Amino acid sequence: MTVLHTPSVTLRPWRATDADALIQHANDRRISKNLRDRFPHPYGRADAEGWIAFATSQAPLRYLALTLNDEPIGSVGLDAFDDVHRHTAELGYWIGAAHWGRGYATDAAIAMTAYGFAELGLERIQAGVYDWNPGSERVLVKAGFQLEGRLRRHAFKDGVFGDVLMYATVRAPRV
Ligand SMILES: CC(C)(COP(=O)(O)OP(=O)(O)OC[C@H]1O[C@@H](n2cnc3c(N)ncnc32)[C@H](O)[C@@H]1OP(=O)(O)O)[C@@H](O)C(=O)NCCC(=O)NCCS
């Protein structure tokens, strides 16, 4: 079973019994406004059950629950690219707002990045951040990602165009 321990949170596979906790934390405009439209608002039971079914169907696992005392408070994952980009993934994460500012996202990003390089055959991990989300940029910088560029007006979210800041890290060269 894939369990990643960090100095603060533990990353473990989602379980069907996590649905209530998932809804409690995910049903929050402060989270959905920073993610893709596929992360809905409001976030209901069908969304939670659908997510857990999807997240647990991958082999090897690419999406893990971010937990404190075994209770989910957020999510972290690596979206696959394909074709010539198949050794690249996009890192995504969110934390329930009651738990912000304690380094949990940073610890999760570091652990998931190491897992992606060690276990998923990745060469590059990237993350695109909307230009209204400096907290997430800070997470990526603390996790060792570098800013590669600004994709101007690449996102159309809630009726507004926004720039996307492209952060990435690549696997350390093998010696
Ligand atoms: C972004 C998010 C994941 C951060 O989670 P977190 O656990 O609070 O992150 P951390 O505590 O590890 O680090 C946050 C850092 O951002 C900083 N920060 C927070 N808000 C900030 C702001 N408005 N401007 C600048 N820095 C900010 C914090 O001070 C902290 O940096 P520090 O340790 O140097 O003080 C969380 O706010 C969240 O889930 N947001 C909604 C979903 C989202 O944005 N996901 C990422 C999409 S790219």
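Below, the structure is looked at part by part. This one's a predicted model, so the numbers in the text were calculated from it and none came from an experiment.

## Notes on the site of the ligand
Piece 1. Around the ligand, a shell composed of 21 residues is seen, among which N34, A105, T106, G135 and R138 lie nearest.
Piece 2. Of all the secondary structure elements, the ones that give two or more residues to the shell around the ligand are β5 (88-95), α4 (104-119), β6 (124-130) and α5 (134-142).
Piece 3. Top contributing element to the shell around the ligand by residue count: α5, with five residues.
Piece 4. A per-class count over the shell around the ligand returns 12 nonpolar, seven polar and two charged.

## Structural notes on the sheet that holds strand β1 (residues 4-5)
Piece 1. Strand order in this open sheet of eight strands is β1-β2-β3-β4-β5-β6-β8-β7, and the pairing throughout is mixed. Each edge of the sheet is formed by a strand with only one pairing partner; in this case those strands are β1 and β7 (146-157).
Piece 2. In this structure, strand β2 (residues 10-12) lies alongside strand β3 (residues 63-68), joined through three bridges in antiparallel fashion. By the bridge assignment, R12 is partnered in β3 with A65.
Piece 3. The strands touched by α5 are β6 and β8 (160-170); relative to β6, the strand with the most contacts, the crossing angle is about 160 degrees.

## Some thoughts on the packing of α4 against α5
Piece 1. The N-to-C vectors of α4 and α5 enclose an angle of 45 degrees; their axes lie 9 Å apart at closest approach. As summarised for this structure, α4 and α5 are arranged oblique, according to the angle between their axes. Considering how the two elements wind past one another, α4 and α5 form a crossing that is right-handed. The segment α4 lies against α5, with A105, T106 and A109 engaging V139, L140 and K142.
Piece 2. Tallied by class, residues from the contact of α4 with α5 come to four nonpolar, one polar and one charged.

Calculation notes
Residues numbered from 1 in each chain as written. Predicted model: local features only at pLDDT ≥ 70, side-chain atom pairs only at ≥ 80, totals over all residues. Near = placed C-beta within 6 Å. Helix = DSSP H or I, 4+ residues; strand = E, 2+ residues; numbered from the N terminus. Nonpolar A, V, L, I, M, F, W, Y, C, P; charged D, E, K, R; others polar. Pairing = 2+ DSSP bridges. Contact = placed C-beta atoms within 7 Å. Axes fitted to C-alpha atoms, helices over the stretch in contact; angles between N-to-C directions. Parallel < 35°, antiparallel > 145°, perpendicular 65-115°, else oblique. Left-handed = near helix turned anticlockwise from the far one by under 90°.

Read these as geometric descriptors, not functional statements.
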